[in-house]
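One letter stands for each residue in the lines below.
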Amino acid sequence: MKIHKEGFTTLFLTLLFITATTVLLNVIDDQQTWLHYVVYAILGLLFLIILQFFRSPLRIVSPNANSIICPADGKVVVVEKTTEKEYFGDERIQVSIFMSPVNVHVNWYPLNGMVEYFKYHPGKYLFAWNPKSSTDNERTTVVVKNELFGHVLIRQIAGALARRIVCYSKEGNQVSQGSEMGFIKFGSRIDLFLPLNANVLVKPGDKVIGCKTVIATL
């Protein structure tokens, strides 16, 4: 297990805060009391919580051109037909995955192909399970063109805690299944919009693992 590069600045600032708080506490009272130990414990717990947010596990991917793999760890909260309005303007199958603060927050490409569309949208920070979060929250939209599945849309969505979305996609890039797409700090949600002929293998409530769980086949 390694720490993701997106966490380096946050962890450094957290360590500065912990150090400053510890020094200030000891300047105010250099006698070690029960209060000191309580504060040390709280600061240590804070660092461990922040640290686990940025863990980046090594995922071994067995490429399968006939499958769309899960782009994130979390729980499936939506599987339904819906009209996708930003890019397609027609009916697609939406699969949404909620990432809680304890999940890994790395996002991976679910299939091979070329990035045909990328757009960042500033927005609100509604809770990620709110249906309006897909259209109202800060988000990025990526469309990958695949030989078998056609166009698949992947949307990273910020939530109430997530205040920064990182996406490495650029239009014209060739991407491979299981390669890193981006990172959402402190959890949130990711939506997939699949063609209607996709055979979806997950259902709401299922716990899924990025790069491991197969979301759909043809």
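Residues numbered from 1 in each chain as written. Predicted model: local features only at pLDDT ≥ 70, side-chain atom pairs only at ≥ 80, totals over all residues. Heavy atoms only, no water.

Undergrad: Got a minute to help me understand the pairing of strand 13 (residues 188-194) in this structure?
TA: As a general feature of sheets, a regular strand has side chains that alternate between the two faces. Within strand 13, 7 of the 7 residues are buried, leaving the element largely enclosed by the surrounding structure. Pairing geometry for strand 5 (residues 90-99) and strand 13, over 7 bridges, is antiparallel. The residue bridging serine 96 from the neighbouring strand is aspartate 191, located in strand 13. Where strand 9 (residues 150-157) meets strand 13, 5 bridges bridge the pair, whose relative direction is antiparallel. Bridge pairing in strand 13 links leucine 153 to phenylalanine 193. (Buried < 20%, exposed > 50% of the residue type's maximum accessible area, 1.4 Å probe, protein only. Helix = DSSP H or I, 4+ residues; strand = E, 2+ residues; numbered from the N terminus. Pairing = 2+ DSSP bridges.)

Undergrad: What exactly am I supposed to notice about the sheet that holds strand 14 (residues 199-200) here?
TA: What the 3 strands build is an open sheet, ordered 3-16-14; its pairing is antiparallel. Looking at strand neighbours, the two that pair on one side only are strand 3 (67-69) and strand 14, the edges of this open sheet. Relative to strand 16 (residues 214-217), strand 14 is paired through 2 bridges, and the arrangement is antiparallel. Paired with asparagine 199 across the strands is threonine 217, a residue of strand 16.

Undergrad: How should the nonpolar core be read in this particular structure?
TA: A general feature of soluble globular proteins is that nonpolar side chains tend to end up buried together. Membership of the largest hydrophobic core comes to 30 residues, with the highest contact counts inside it found for Ile68, Val95, Ile97, Val144, Leu192, Leu194 and Ile215. Elements that contribute at least two residues to this core include exactly strand 5, strand 8 (139-146), strand 9, strand 10 (165-167), strand 12 (180-184), strand 13 and strand 16. At 4 residues, the largest contribution of residues to this core is made by strand 5. For valine 95, the contacting residues outside a window of four places in its chain are Val76, Val78, Val79, Ile190, Asp191, Leu192, Leu194, Val200, Val202 and Ile215. Leu11, Phe54, Trp108 and Phe183 belong to the second largest nonpolar core, which has 11 residues in total. (Core = buried A, V, L, I, M, F, W, Y, C linked by side-chain atoms within 4.5 Å. Contact = heavy atoms within 4.5 Å.)

Undergrad: So what exactly am I meant to see when it comes to a nonpolar patch on the surface here?
TA: On the surface, a cluster of nonpolar side chains totalling about 440 Å² of accessible area is made up of Trp34, Leu35, Val38 and Ile42. Along the chain, isoleucine 42 turns up in helix 2 (residues 34-53). Isoleucine 42 sits in the exposed class, given a relative accessible area of 53%. (Patch = residues over 30% accessible without salt bridge, like charges linked within 9 Å, V, L, I, M, F, W, Y side chains within 5 Å. Areas by Shrake-Rupley, 256 points an atom, 1.4 Å probe, with all protein chains shown as cover. Salt bridge = Lys/Arg side-chain N within 4 Å of Asp/Glu carboxyl O.)

Undergrad: I'm lost on the packing of aromatic side chains in this one. Help?
TA: The description of an aromatic ring pair uses the distance of the two centres, along with the angle that the planes make with each other. Tallied over the full model, the rule gives 3 aromatic pairs. Centre to centre, the rings of tyrosine 87 and phenylalanine 88 are 5.1 Å apart; their planes meet at 90°, and the pair counts as edge-to-face. Residue tyrosine 87 is classed as partly exposed on the basis of its relative accessible area of 30%. For the ring pair tyrosine 87 and tyrosine 117, a centre distance of 5.1 Å and an interplane angle of 50° mean the geometry is tilted. Pair noted here: tyrosine 87 is in the loop between strand 4 (74-84) and strand 5 and tyrosine 117 is in strand 7 (residues 113-121), with a separation of 30 residues, a long-range link. Tyrosine 117 gets classed as buried once you look at its relative accessible area, which sits at 17%. An aromatic cluster is present here, built from Tyr87, Phe88 and Tyr117 joined pairwise through their rings. For arginine 92, the ring lying beneath its charged end belongs to phenylalanine 88, and the centroid distance is 3.7 Å. (Phe/Tyr/Trp six-rings, centres within 6.5 Å; stacked < 30°, edge-to-face > 60°. Lys NZ or Arg CZ within 6 Å of the ring centre and 35° of its normal.)

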